[in-house]
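Descriptive analysis of the structure
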Amino acid sequence: MSTTPETSTASHASDPLRTDATSDTTAPPRDFPIQRGCPFAAPAEYDALRTDDPVARVTLPTKKEAWVVTRYDDVRELLSDPRVSADIRRPGFPALGEGEQEAGARFRPFIRTDAPEHTKYRRMLLPVFTVRRVREMRPAVQARVDEILDGMLAAGGPVDFVSAYANAVSTSVICELLGIPRENLEFFRDVTRISGSRNSTAEQVAEALGGLFGLLAELIAERREEPQDDLISKLVTDHLATGNVTKEQLLSTLGITINAGRETTTSMIALSTLLLLDRPELKEELLRDPSLMPAAVDEFLRALSVADSIPLRVAAEDIDLSGRTIPADDGVIALLAGANHDPEQFDEPERVDFHRTDNHHVAFGYGVHQCVGQHLARLEMEVALETLIRRVPTLRLAGDRDDVAVKHDSATFGLEELRVTW
């Protein structure tokens, strides 16, 4: 996990395979977001953008205009450029929902801040999410996954896989890490559904997060009096009690850790399962050789790219990319799915290949804002998918494939519901 920016060594000007943007600069901006036609790939329009208009002007649902970037090298360059800001308070911030910027400016999630503020919060969390610490969590995650699967099987099908398994796994793991009771897993899903929806108002987001922060405030007060062996206690003892952060700052840090930690992993487990149901030969390959699972998880992360438009930024200065200048104070979105399906970086990017080498995808972002919990997300996916296909080899859809409900209006792409039986 890198905590410092990585500098791209690619030079578009010297690359004969690269072409500068050639589209008509007077054409009206296209509407964004662009919906996926296939849930397992980037929108088809990204290919045309990458070729003809790699730094394209778009109109957002808020009626603001911004830029979107689709080339792999450009995305990495943008996300590691210190002239690019993640501060949600900047007027040009390219929020995709009406209430997103107002609520973000109020609650200040650390992923929407710049250094040194962002650095402080990241350093608070990094020790918990190291490769070694996450590896030590595998037995506990395996036990929890088995318990959840036991309950699903005992209840009998058909069930909503998203709720009964994917959400249960991701939410239980993050709650147990923090030390949060897991009596009502759907509560956390509802909070994320509202706060992450592009259709929610600032008032609706504030109400949802207010309920979450109320729960967390009670736990913080309890841990002040009686610390336990969990992340909330550690943060209270090491950072709140010492004055490194205020209670409000700690609440915001815990809130985004829960929301981001459970939503993306829920989506990845559910979408990966649907892909395996659609492509049984991939499931058979994993059953024959379980050692492929880590590589399979990385390939799922690349191909599915559920956090496609999470990296929302503002240019603090004029920035040149692929022959275009993004003016200072303009919003810009680094499209992770666009980068992860760039054929100049990934051979046959539409193909899901568990033997792909040098799979340096950007599903977790890039640079100083790269996902702090990526090692835990990989572990959850590995355990959840391996256990599922091993223990329930007859898993199948319960209903028509066309009836699978997809989320198009959420910050994280995924499935609303996936009815399965066995």
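Residues numbered from 1 in each chain as written. Predicted model: local features only at pLDDT ≥ 70, side-chain atom pairs only at ≥ 80, totals over all residues. Heavy atoms only, no water.

It is a general feature of regular strands that their side chains alternate between the two faces of the sheet. Alternating positions in strand 6 (residues 312-315) separate into two faces, L312 and V314 on one and R313 and A315 on the other, with burial throughout. Of the strand pairs in this sheet, strand 4 (residues 84-85) and strand 6 are connected by two bridges, and their pairing is antiparallel. Pairing of S85 across the sheet is with V314, part of strand 6. Sheet topology places strand 6 next to strand 9 (residues 331-334); three bridges connect them, and they run antiparallel. Looking at strand 9, one finds that R313 is bridged to V332. (Buried < 20%, exposed > 50% of the residue type's maximum accessible area, 1.4 Å probe, protein only. Helix = DSSP H or I, 4+ residues; strand = E, 2+ residues; numbered from the N terminus. Pairing = 2+ DSSP bridges.)

Quick look at the confidence of the model for the chain now. Counting all residues, the mean pLDDT for the chain is 90, and 93% of those residues have values of 70 or more. In the model, residues 1-23 has pLDDT below 50 throughout and makes 47 contacts with residues more than four positions away in sequence or in other chains. (pLDDT = per-residue confidence, 0-100. Contact = heavy atoms within 4.5 Å.)

Bridging between strand 11 (residues 405-407) and strand 12 (residues 414-417) involves three bridges; their strand directions are antiparallel. Bridging across to strand 12, V406 finds its partner in L415.

With that settled, the discussion passes to unusual backbone geometry. With an omega of 5 degrees, the peptide bond between A115 and P116 qualifies as cis. One can find P116 in the loop between helix 3 (100-107) and helix 4 (117-125). The omega torsion across G157 and P158 is 0 degrees, close enough to zero to call that bond cis. In this fold, P158 is placed in the loop between helix 6 (138-155) and strand 5 (159-160). Although it is not a glycine, S322 adopts a positive phi angle of roughly 45 degrees.

Axis separation between helix 8 (residues 185-195) and helix 11 (residues 247-278) bottoms out at 10 Å; the angle between their running directions is 95 degrees. As far as their axial angle goes, helix 11 and helix 8 are roughly perpendicular. Across from F188, R189, V191, T192 and S195 in helix 8, the residues of helix 11 making contact are I258, N259, R262 and E263. When its residues are assigned to classes, the contact of helix 8 with helix 11 shows three nonpolar, three polar and three charged. (Axes fitted to C-alpha atoms, helices over the stretch in contact; angles between N-to-C directions. Parallel < 35°, antiparallel > 145°, perpendicular 65-115°, else oblique. Nonpolar A, V, L, I, M, F, W, Y, C, P; charged D, E, K, R; others polar.)

The next point concerns the sheet that holds strand 3 (residues 65-69). Strands in a sheet are paired, the pairing made by backbone hydrogen bonds, and the direction either parallel or antiparallel. The strand order across the open sheet built from six strands is 1-2-3-9-6-4, with neighbouring strands paired in mixed fashion. Looking at which strands have only one partner, the edges of the open sheet turn out to be strand 1 (30-31) and strand 4. Helix-sheet contacts for helix 2 (residues 72-79) involve strand 2 (55-59), strand 3, strand 4, strand 6 and strand 9, and the interaxial angle to strand 9 is about 125 degrees.

To continue, consider the packing of aromatic side chains. For the structure on display, the rule yields six aromatic pairs. With 5.2 Å between their ring centres and 75 degrees between their planes, F187 and F188 make a pair best called edge-to-face. For F187, a relative accessible area of 26% translates into the label partly exposed. It is R36 that lies over the ring of F413; its NZ or CZ is 4.1 Å from the centre. The ring of F346 carries the charged tip of R302 above its face, separated from the ring centre by 5.4 Å. (Phe/Tyr/Trp six-rings, centres within 6.5 Å; stacked < 30°, edge-to-face > 60°. Lys NZ or Arg CZ within 6 Å of the ring centre and 35° of its normal.)

Right, let's get into empty space enclosed by the protein. Applying the stated rule across the entire model yields two cavities of 30 Å³ or more. Roughly 60 Å³ of internal volume is contained in the second largest cavity. If you trace the second largest cavity, you find it lined by T273, L276, L277, K283, L388, I389, V392 and L395. Contributions of two or more residues to the lining of the second largest cavity are made by helix 11 and helix 15 (374-391). Across the lining of the second largest cavity, the residue classes break down as six nonpolar, one polar and one charged. (1 Å grid on protein atoms, 1.4 Å probe; cavity = no way out; pocket = protein on both sides within 12 Å on 5 of 7 lines; lining within 4 Å. Points joined across faces, edges and corners; volume = space filled by probe spheres on them.)

What follows deals with the environment of G365. On the secondary structure map, G365 appears in the loop between helix 14 (336-340) and helix 15. For G365, a relative accessible area of 9% puts it in the buried group. C-alpha of G365 to C-alpha of Q101: the two residues are 264 residues apart in sequence and 20 Å apart in space. Among all residues touching G365, those that are not within four sequence positions of it are L79, L336 and Q370.

Further remarks concern helix 8. Within the span of helix 8, buried status applies to L185, F188, R189, V191 and T192. Looking straight down helix 8, one finds that the buried residues subtend no more than 160 degrees of arc, so they occupy a single side. In this structure, the buried side of helix 8 is in contact with strand 5, helix 7 (161-178), helix 9 (202-225), helix 11 and strand 12. (Arc of directions from axis to C-beta.)

Below, the discussion takes up the sheet that holds strand 5. An order of 5-13-10 is seen for the three strands of this open sheet, with the pairing classed as antiparallel. The sheet is open, and its two borders are formed by strand 5 and strand 10 (396-397), each paired with just one other strand. Alignment of strand 5 against strand 13 (residues 419-421), held across two bridges, turns out to be antiparallel. Residue D160 lies in a different strand from strand 13, and its bridge partner there is R419.

One can describe the packing of helix 7 onto helix 8 by two numbers: an axis separation of 9 Å at closest approach and a directional angle of 90 degrees. One finds that helix 7 runs roughly perpendicular with respect to helix 8. Contact residues: helix 7 offers V162, S163, N167, A168, T171, S172 and C175, while helix 8 offers L185, E186, F188 and R189.

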